[in-house]
Amino acid sequence: MLLAFDTATPHVTVALHDGDRVVAEYVSTEAMKHGEMLAPGIADVLAQVGAASRDVTAVAVGVGPGPFTGLRVGLVTARTMALALEIPVYGVCTLDILAAEAMDAGHDEFQIATDARRKEVYLASYASRQRVSGPEVVKPAVAATDSLVIGRGALLYPEAFPNAAGPEHPDAAVLCDVVVRERFELLDPDPLYLRRPDAVAAQTAKKVS
Amino acid sequence: MNEPLVLGIETSCDETGIGIVRGHTLLADAVASSVEEHARFGGVVPEVASRAHLEAMVPTLQRACDDAGIVLSDVDAIAVTAGPGLAGALLVGVAAAKSLSIALEKPLYGVNHLAAHVAVDQLEHGALPDPCLAMLVSGGHSSLLRVDDVTTSVTPLGATIDDAAGEAFDKVARLLGLPFPGGPHIDRVAREGNSVAIDFPRGLTSRKDLERHRFDFSFSGLKTAVARWVEAREASGEPVPVADVAAAFQEAVVDVLTRKAIDAAASEGIEDILIGGGVAANSRLRFLAEERAAAKGIRVRVPRPGLCTDNGAMVAVLGSEMVARGRVPSPLDLPADSSMPVDLILR
Ligand SMILES: [Zn+2]
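Residues numbered from 1 in each chain as written. Chains lettered and ligands numbered in written order. Predicted model: local features only at pLDDT ≥ 70, side-chain atom pairs only at ≥ 80, totals over all residues. Heavy atoms only, no water.

> Give a detailed account of the overall build of chain B, specifying residues and quantitative values.
Regarding its fold elements, chain B presents 13 helices and 10 strands. Relative to the 2.2 N^0.38 estimate, which gives 20 Å for 347 residues, the radius of gyration of chain B is 20 Å and therefore close to what a compact globule would have. Viewed in the frame of its principal axes, chain B has a C-alpha envelope of about 65 × 45 × 30 Å. Counting all 347 residues of chain B, 59% fall into the buried class. Within chain B, residue pairs in contact and separated by at least 24 positions form 74% of the contacts whose partners lie at least 6 positions apart. By element, 49% of the accessible surface of chain B is carried by carbon and sulfur atoms, the whole surface being about 12,600 Å². (Helix = DSSP H or I, 4+ residues; strand = E, 2+ residues; numbered from the N terminus. Rg over C-alpha atoms; globule rule 2.2 N^0.38 Å. Buried < 20%, exposed > 50% of the residue type's maximum accessible area, 1.4 Å probe, protein only. Contact = heavy atoms within 4.5 Å. Areas by Shrake-Rupley, 256 points an atom, 1.4 Å probe, with all protein chains shown as cover.)

> A description of the UniProt feature "domain: Gcp-like" (unreviewed entry) in chain B should follow, citing residues and the corresponding values.
Per the UniProt record, the feature "domain: Gcp-like" (unreviewed entry) sits at residues 26–316 of chain B. Within the segment residues 26–316 of chain B, helix and strand shares are 51% and 17% respectively, and the terminal C-alpha atoms sit 9 Å apart. (UniProt positions renumbered as here; feature names shortened; annotations may be inferred.)

> Describe the pairing of strand E5 (residues 108–112) of chain B, and please don't skip the residues or the numbers.
Residues and elements named next belong to chain B. With five of its five residues buried, E5 lies for the most part within the structure. Across five bridges, the pairing between strand E4 (residues 77–83) and E5 is parallel. Bridging across to E5, Ala79 finds its partner in Tyr109. (Pairing = 2+ DSSP bridges.)

> Describe the UniProt feature "domain: Gcp-like" (unreviewed entry) in chain A, and please don't skip the residues or the numbers.
Here, the residues flagged by UniProt with the feature "domain: Gcp-like" (unreviewed entry) are residues 32–141 of chain A. Summarising residues 32–141 of chain A: 42% helix, 28% strand, and an end-to-end C-alpha distance of 26 Å.

> An account of unusual backbone geometry is needed here, citing residue identities and associated values.
The linkage connecting Gly134 of chain A with the following residue, Pro135 of chain A, adopts the cis geometry, with an omega of 5°. Tracing the sequence through the fold places Pro135 of chain A in strand E8 (residues 130–138). Note that the residue after Phe180 of chain B, namely Pro181 of chain B, is joined by a cis bond; omega there is -5°. Inspection of the secondary structure puts Pro181 of chain B in the loop between helix H6 (165–175) and helix H7 (182–190). Despite not being glycine, Glu86 of chain A shows a phi value in the positive range, around 55°. Take Glu86 of chain A: it is sitting in the loop between helix H2 (68–85) and strand E5 (89–92). Backbone geometry places Arg117 of chain A, a non-glycine residue, at a positive phi of 55°. Inspection of the secondary structure assignment puts Arg117 of chain A in the loop between strand E6 (110–115) and strand E7 (121–127). Overall, Arg117 of chain A belongs to the partly exposed group, its relative accessible area being 41%.

> Break down the coordination of the zinc ion for me, with residues and values.
Residue and element names in this part refer to chain B. His113 (NE2), His117 (NE2), His141 (NE2) and Asp310 (OD) make up the full set of protein donors to the zinc ion, lying at 2.1 to 2.5 Å. Relative to the metal, the four donor atoms surrounding the zinc ion lie at angles of 87 to 163°, and the coordination shape comes out irregular. Donor residues for the zinc ion, ordered by position in the chain, follow H-x3-H-x23-H-x168-D. Taken together, the residues span a long stretch of sequence, with His141 in the loop between strand E6 (132–137) and strand E7 (142–149) and Asp310 in the loop between helix H12 (305–308) and helix H13 (312–324) at a distance of 169 residues. The exposure classification of His141 matches that of Asp310, with both residues buried. (Donors = N, O, S within 2.8 Å, 3.2 Å for Na, K, Ca; no water. Tetrahedral: all angles 85-135°; square planar, octahedral: opposite > 155°, others 65-115°.)

> Provide a residue-level description of the layout of surface pockets, including the pertinent values.
Counted as a void, the second largest pocket has a volume near 540 Å³. Secondary structure elements with two or more residues in the lining of the second largest pocket: helix H1 (34–48) and H2 of chain A together with helix H2 (46–68) and helix H3 (87–104) of chain B. Per-class residue counts for the lining of the second largest pocket are 13 nonpolar, seven polar and eight charged. (1 Å grid on protein atoms, 1.4 Å probe; cavity = no way out; pocket = protein on both sides within 12 Å on 5 of 7 lines; lining within 4 Å. Points joined across faces, edges and corners; volume = space filled by probe spheres on them. Nonpolar A, V, L, I, M, F, W, Y, C, P; charged D, E, K, R; others polar.)

> Describe in detail the interface of chain A and chain B, supporting the description with residues and values.
Taken together, the 39 residues of chain A in the interface contact 49 residues of chain B. Summed over both sides, the interface between chain A and chain B buries roughly 3,700 Å², with carbon and sulfur atoms accounting for 68% of that surface. In this structure, the connection of chain A to chain B is made through two salt bridges. Viewed at the interface, chain B and chain A are joined by 10 residue pairs in polar contact (both at pLDDT 80 or more). Breaking the side of chain A that touches chain B down by element, the ones donating at least two residues are H1 and H2 of chain A. (Buried area = accessible area lost by both parts, 1.4 Å probe. Salt bridge = Lys/Arg side-chain N within 4 Å of Asp/Glu carboxyl O. Polar contact = N/O pair within 3.5 Å; in protein donor to acceptor, adjacent residues only side chain to side chain.)

> Give a detailed account of the domain arrangement of chain B, specifying residues and quantitative values.
Residue and element names in this part refer to chain B. In terms of domain boundaries, chain B breaks down into domain 1 (5–120 + 311–324) and domain 2 (130–303). In this assembly, 17 residues from domain 1 lie in contact with 14 residues from domain 2. Taking both sides of the interface into account, the surface hidden between domain 1 and domain 2 amounts to around 1,200 Å²; carbon and sulfur atoms contribute 79%. When residues of domain 1 are sorted by the area they lose upon contact with domain 2, Leu114, His117 and Val118 head the list and together hold 42% of the total. Viewed at the interface, domain 2 and domain 1 are joined by one residue pair in polar contact (both at pLDDT 80 or more). Counting residues per element, the side of domain 1 that touches domain 2 draws most heavily on helix H4 (residues 113–119), which supplies six residues. The residue makeup of the side of domain 1 that touches domain 2, split by class, is 11 nonpolar, five polar and one charged. (Domains from an automatic or database assignment.)

> Can you break down the domain arrangement of chain A residue by residue, with the values?
Residues and elements named next belong to chain A. Domain annotation of chain A identifies domain 1 (2–94 + 170–180) and domain 2 (95–165). Inter-centroid distance (C-alpha atoms) of domain 1 to domain 2 is 23 Å. Each partner contributes to the interface: domain 1 provides 16 residues, whereas domain 2 provides 12 residues. For the domain 1 and domain 2 pair, buried surface summed over both sides reaches about 1,200 Å², with 70% attributable to carbon and sulfur atoms. Connecting domain 1 to domain 2 are zero salt bridges.

> Give me the sheet that holds strand E1 (residues 5–10) of chain B: which residues, what numbers.
Residue and element names in this part refer to chain B. If you walk across this open sheet you meet the five strands as E3-E2-E1-E4-E5, and the pairing is mixed. In this open sheet, the two edge strands, each paired with only one partner strand, are strand E3 (25–33) and E5. Adjacent strand axes in the sheet meet at a mean angle of 20°, parallel and antiparallel pairs treated alike. One ladder, built from six bridges, connects E1 with strand E2 (residues 15–22); its direction is antiparallel. Residue Gly8 lies in a different strand from E2, and its bridge partner there is Gly19. (Axes fitted to C-alpha atoms, helices over the stretch in contact; angles between N-to-C directions.)

Spelled out as structure tokens, the structure:
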């Protein structure tokens, strides 16, 4: 069975695929609770079908781009699980997961935008069932367009993206399909940060009484 | 029957630590540090540390298993630092621990970092005397704790009200043009200096301060005093006697630390002091603590330096205690708690 999850947006989405179809799904819409919600979500999808962890034969994970803290929860979970179960792990660009869903809804030429915070978006362009540019991190005004832009990052900035549409967030069930049918390039489970770290030392961050 | 095999994960600051113990026997203590990546910033950069933890997790797990001669499926329980520490850094370790717990179908124990610093001494010096007085001093913490039972009863007696002791070492080292982390460099340079050449202030030792802060520490005023002294020297065009400044600063820190630790032990009627945390590696602190404690009939225990700094073995041994006592494991929605209180030992 393929276990798939993505933590590169405010949501946590988990799905289990038995080779033929998605057999269990879990979604947490509690924003920025990846550390708390991902592991219960994995346990939940396994429990839904009475599966043991040993029944998982591959892991798929969204590699972002996305807010770093949540992104890392997904990646370290995937890498560690693959190590412990001695199974392969596949990475998929999180924007590709949204793109696959957009294609299933009949769209051909469009862009995907997710919320990069700091008044920026993560953006990629798609045409003829392929990613043709991106992902990159840009200011909405710089990327402004009248053509179709899908995802939370588009809906957040209607002035830049008047032709915005859902879905807002990626769905792990679609991630399963992307991996099983290799609809986009399968990557190593390495994070797409697209930004350098803020290089400010933690002066009193670890003060403990 | 064999004692349980416990794997411990520590990622509260800049060390990715994986320890493996069987009971109180240390089988592996693998540590990957990102300290060099932080050196040019003069302190730990949280995002840099978090990125490094993600990259180091799988290789360090593999190294620990190889060192211990086990495979992950042999592990009976997983322990992890749930807090306190840097939030994003803790989260990487906690997520990895949960993933192992699910994959291996083994219990998860989210434990307190400070209690783990105390528990680790059992790997070297056997069962802890109860009660004991623990002084934990590092770049992140400076605490005096009464430990009646490291798995259930740790009572804070005092802590720093501003900078941690190790933080003061880092800042003064920077002032003197010494590399980060400052502790080992100050220790080395101070050996050539005269510790009574300059009289730096001892924080929270005046009679008035002792009423409210008898067992608390303050190192911020000391740091400022050192900075003013050095600036005055430079302004007058005279060379800064780096060794003397380092020695006098170090003496001010270890004087207060040892005085308060022994006072706390004496007032609690405790005959054993345990020192942990990175600053416990300081040679002058070890010497002065032992000298002053011996004069009061108090014993001092200090683990070897490698077990004083942050590591996974300390987490594993505390986890092993939790298993041995039959404590209820942590739930899978265990949060990383950056300000986890010291008396909350298992979440
Ligand atoms: Zn520590």
